[in-house]
Amino acid sequence: MDEPSMPTPPAHSPGPPAPPIPLAELLASKDLGLRRIAGPAEAELLWVHTSEMADPYPYLLGGELLLSAGVLLTDPDHYVARLVEAGAAALGFGVRPVHERVPEALIEACDRYGLPLLEVPPETPFTAIARAVWRLMAEARHRELRRVTRAQQALATAAARPDPVPAVLHQLAAQLSGRAVLLTGRGEEVHAAGRRPPPEAAAALARLARVVARERPGSPASATDTHGGTHLAAYALGGGEGLALALATRRREAGDHTVAGIAVVLLSLLAAPHQGADAADRSAALVRLLLGATPAEVAPLLGSAGPWTVIHARRSDGTTADALTAGALGASLGSALVDAGREGGDTVRVLLPSTAGKATPQPGGGEAAARREATPQPGGEEPPTPPQAPTVPPQPGWTLGVSTPTPLAALDSADLRAARALAHAEATRAALTVDTPVTGLAALIPPGQAAAHARTLLAPLTPPLADTLRCWLSLHGSWDRTAVALAVHRNTVRQRIGRCAVLLGVDLNDMDVRTELWFALRQE
C-alpha cells in the first residue's frame, strides 16, 4: 500500500507549492519527538510521503521526507540506495509495531549514502509529521509573501520618482543586498546600483547579460550562474534594443526571483519610451485613442510597426494569471502591449508588431514558379509582399493561440482567430497553434464573392452552431477534442453537429461537403 500523507502537485508541476523547509526546523518541534540518528544534519524538505513498498522509487518526485515503518524492509542497503537515487531528502523510520528499534543495517546504510535518518517514536503518528511540515511551509510562504509585498511596494514607489530607472535599480539592490545593473546587449552599463562584485564576477555577469540580450532569435528570457560564491542572474527586458537586467548577490533566498521579476516588468515599461521612435509612436497612438481618435486616425503612427499579430494565452495549469505574470509573458514575447484579462477571464492577450517578410514560395516549383515570378503585374508594379508572422516561440507554463499578421483595421478579426487558435491548441494539447491564412485554391476566389457564398450557405446556422461546426471540422471530426475546445459535453457537440446537418440538408460524412463548408467557415 502506498498513500501520500499530504497532497502532492501534478506531475507537470515545476516545483513545490511552498519554500523548502530545513530539516533542523522540523527536528526543533519538540512535540514530535523526532531524533536524527544517522546521515547529515542539513537537508531541505519539499514534501512528505508515506510508503510501505519495498521500492518506492517510482512514486517519489525528489525532496521528500519519506515515512515508513519498514513493513517490507528486507535489504536496507538497496532500499537506501534507491531512495538516494530518487532524490529523497530524508527517511523517517517509525518504531513499533513492526520493529522494536531502528535496524542497525539501516543506520549504517544511511550513514554510508549520506541520507538523514530520523527515528519516529511510537506515540507520533505520521500524519502529525505531515501536518507539522505543512505548518512550517505555510509560515515560510507567509514570510516570503510579506517580503515580496514589501519589495513590490518599494519598487513601485521608486518607479514613480522623477528618475525612475536608477531609483528602481537602487531599491532592487537594497532588497536583494547585491548589485543591480542595466546592461546593453554589448555588456555596456546604462545604470547600476549596489556594491560592485569582484572584477571576475562582474565580467561573468556581463557575459550572462549578453546571453539573454534580444539581439538574436531564440535568446532565453533569463539565465543564472554562480561565480566564486557570487550568485548571478540576468533577465531580458521587453521592448527591444537588447537591454538586460543583471544581478549579483552573495546569497539566494526564497522570493528573490519574484522580486527580480517585478523589477523586470517595471524596467521594461520604464525603458520602453527611450528605446526608439516606434515605442514613442505607440504611446502617442494610445493617448490619442483614449482622447477619442479612431483606429484609422492613429494608424499612421503605427504604420512603421505594422501589421500586428494578436496572441491569446492561458496558463497551462489552469490558474488565472495576475497582472505581473501577464506582464512577464509580454516581456518574454517582446511586447509591452498586454491585456491581463482583468474582467474575470483567464485569457491574456498580447499585441505583437509584425514586419513585412519575403514572399512565401508557392507549390509547384521549377519552370512554373519561374514563369509566375516573371509574369508582369498590371501597371508594371511589383507583386505585394505578404506580411510574415513574427517567430513566436512556445512559452513554458503557457498555451498560446497566434493570429496571422493583420492590418490595424482588422484587429477584431485577428482577435477572434487568435481565440480559435488557442481553443485548438488546448484541445490538441499543443503548446502553441498559429492560425493559417487562406491560401491555395481558396485564395484564388475574389474575397467578396467568397464571403457572399459563405453567407448564403451558412445562413440557416446560428452563431453557436457555426462555431461548433468550424471547431469540429478543424479537429477532423473529433467529438472529444471539440468538447474540450468549446468547454461543453461531447453529447452537446453531437447534438449541435446533428442539428447543423439537418438545417443545411447535407451529409457531413461526405468529404466534398466538409470541404465546401470549411471553405465557407474560413471566410468569417
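Residues numbered from 1 in each chain as written. Predicted model: local features only at pLDDT ≥ 70, side-chain atom pairs only at ≥ 80, totals over all residues. Heavy atoms only, no water.

A. View of the confidence of the model for the protein chain. On average, residues of the protein chain score 78 in pLDDT, and 79% of them reach the 70 mark or higher. Taken together, the stretch residues 1-15 has pLDDT below 50 and engages in 24 contacts with residues farther than four places along the chain or on a different chain. Contacts for the low-pLDDT stretch residues 356-384, under 50 throughout, to residues beyond four places or in other chains number 18 contacts. (pLDDT = per-residue confidence, 0-100. Contact = heavy atoms within 4.5 Å.)

B. Region of the structure containing the sheet that holds strand 2 (residues 35-38). The strand order 2-7-6-5-4 describes an open sheet built from five strands, whose pairing is mixed. The sheet is open, and its two edges are formed by strand 2 and strand 4 (47-50), each paired on a single side. Strand after strand, the sheet turns through a mean of 30 degrees between neighbouring axes, direction not considered. Relative to strand 6 (residues 90-94), strand 5 (residues 64-68) runs parallel, the two sharing four bridges. Following the sheet pairing, leucine 65 is matched in strand 6 by alanine 90. (Pairing = 2+ DSSP bridges. Helix = DSSP H or I, 4+ residues; strand = E, 2+ residues; numbered from the N terminus. Axes fitted to C-alpha atoms, helices over the stretch in contact; angles between N-to-C directions.)

C. Seen up close, the packing of helix 4 (residues 126-159) against helix 7 (residues 256-271). Packing of helix 4 against helix 7 brings their axes to within 10 Å, and their N-to-C directions diverge by 20 degrees. One finds that helix 4 runs roughly parallel with respect to helix 7. As helix 4 runs across helix 7, the sense of the crossing is right-handed. Two secondary-structure elements touch here, helix 4 through Arg147, Val148, Ala151, Gln152, Leu155, Ala156 and Ala159 and helix 7 through Asp256, Thr258, Val259, Ile262, Ala263, Leu266 and Leu270. (Parallel < 35°, antiparallel > 145°, perpendicular 65-115°, else oblique. Left-handed = near helix turned anticlockwise from the far one by under 90°.)

D. Quick peek at the environment of glycine 330. As for its placement among the helices and strands, glycine 330 is situated in helix 10 (residues 323-333). Here the alpha-carbon distance between glycine 330 and leucine 352, two residues 22 residues apart in the chain, equals 8.9 Å. If we skip the residues at most four places from it in the chain, glycine 330 touches Ser335 and Val338.

E. Representation of the sheet that holds strand 14 (residues 338-339). Taken together, five strands build an open sheet; the order of strands is 14-15-13-18-19 and the sheet is mixed. Across the chains shown, the open sheet's two edge strands, defined by having one partner strand only, are strand 14 and strand 19 (432-434). Here helix 12 (residues 411-428) sits on the sheet and contacts strand 13 (308-315), strand 15 (348-353), strand 18 (398-402) and strand 19; the angle it forms with strand 13, its principal contact strand, is near 35 degrees.

F. Layout of the packing of aromatic side chains. This structure, assessed with the given rule, holds one aromatic pair. When the ring centre of tyrosine 57 is taken as reference, the NZ or CZ atom of arginine 82 above it lies at 4.0 Å. Here arginine 315 stacks its cationic end above the ring of tryptophan 398, 5.0 Å away from the centre of that ring. (Phe/Tyr/Trp six-rings, centres within 6.5 Å; stacked < 30°, edge-to-face > 60°. Lys NZ or Arg CZ within 6 Å of the ring centre and 35° of its normal.)

G. Examining the packing of helix 4 against helix 5 (residues 164-176) more closely. At a minimum axis separation of 8 Å, helix 4 and helix 5 run at an interaxial angle of 160 degrees. The orientation of helix 4 relative to helix 5 falls into the category roughly antiparallel. The interaxial crossing formed by helix 4 with helix 5 has right-handed handedness. Here Arg147, Ala151, Ala154, Leu155, Ala158 and Ala159 of helix 4 lie close against helix 5, whose contacting residues are Pro164, Ala167, Val168, Gln171, Leu172, Gln175 and Leu176. Of the residues in the contact of helix 4 with helix 5, the class split is ten nonpolar, two polar and one charged. (Nonpolar A, V, L, I, M, F, W, Y, C, P; charged D, E, K, R; others polar.)

H. The arrangement of unusual backbone geometry in detail. Here the bond from arginine 96 into proline 97 is cis, since omega is 0 degrees, no more than 30 degrees from zero. As for its position among the elements, proline 97 is in the loop between strand 6 and helix 3 (104-113). Looking at the element boundaries, arginine 96 is found in the loop between strand 6 and helix 3. In this structure, alanine 487 is a non-glycine residue whose phi angle is positive, near 60 degrees. Within the element layout of this structure, alanine 487 appears in the loop between helix 15 (479-486) and helix 16 (490-504).

I. Structural detail: a nonpolar patch on the surface. Together, Leu286, Val287, Leu290 and Leu291 line one region of the surface with nonpolar side chains, adding up to about 460 Å² of accessible area. Here leucine 290 lies in helix 8 (residues 277-290). (Patch = residues over 30% accessible without salt bridge, like charges linked within 9 Å, V, L, I, M, F, W, Y side chains within 5 Å. Areas by Shrake-Rupley, 256 points an atom, 1.4 Å probe, with all protein chains shown as cover. Salt bridge = Lys/Arg side-chain N within 4 Å of Asp/Glu carboxyl O.)

J. Main features of the pattern of salt bridges. One pass over the full model with this rule turns up 15 salt bridges. Linking glutamate 119 and arginine 35 is a salt bridge whose minimum nitrogen-to-oxygen distance equals 3.0 Å. Here the residue glutamate 119 occupies a position in strand 7 (residues 117-120), and arginine 35 occupies one in strand 2, the gap between them amounting to 84 residues. Across the salt bridge formed by glutamate 144 and arginine 141, the nearest N and O atoms sit 3.3 Å from each other. Of this pair, glutamate 144 and arginine 141 are both found in helix 4, three residues apart, which corresponds to roughly one turn of the helix. For arginine 141, a relative accessible area of 32% gives the class partly exposed. Each member of the salt-bridge network shares a partner with another, and the members are Asp55, Arg82 and Glu85. (Buried < 20%, exposed > 50% of the residue type's maximum accessible area, 1.4 Å probe, protein only.)

K. Representation of the side chain of serine 68 in the model. On the secondary structure map, serine 68 appears in strand 5. Every residue in contact with serine 68, bar those within four places of it in the chain, is listed here: Ser51, Glu52, Tyr79, Gly92, Phe93, Gly94 and Phe126.

L. Up close: the environment of isoleucine 107. Looking at the element boundaries, isoleucine 107 is found in helix 3. Between the C-alpha atoms of isoleucine 107 and leucine 118, which are eleven residues apart in sequence, the distance is 9.6 Å. When residues no more than four places from it in sequence are discounted, the contact partners of isoleucine 107 are Ile37, Ala38, Val102 and Leu117.

M. Spotlight on the nonpolar core. Ranked by internal contacts, the top residues of the largest apolar core, which has 30 residues, are Leu155, Val168, Leu169, Leu172, Leu245 and Leu247. For this core, the secondary-structure elements that each account for two or more residues are helix 4, helix 5, strand 8 (178-183), strand 11 (230-236), strand 12 (244-249) and helix 7. Dropping the residues within four chain positions of it, leucine 172 is found in contact with Leu155, Ala180, Leu245, Leu247, Val259, Ala260 and Ala263. One finds Leu23, Val48, Leu65 and Leu67 within the second-largest nonpolar core, a separate group that totals 23 residues. (Core = buried A, V, L, I, M, F, W, Y, C linked by side-chain atoms within 4.5 Å.)

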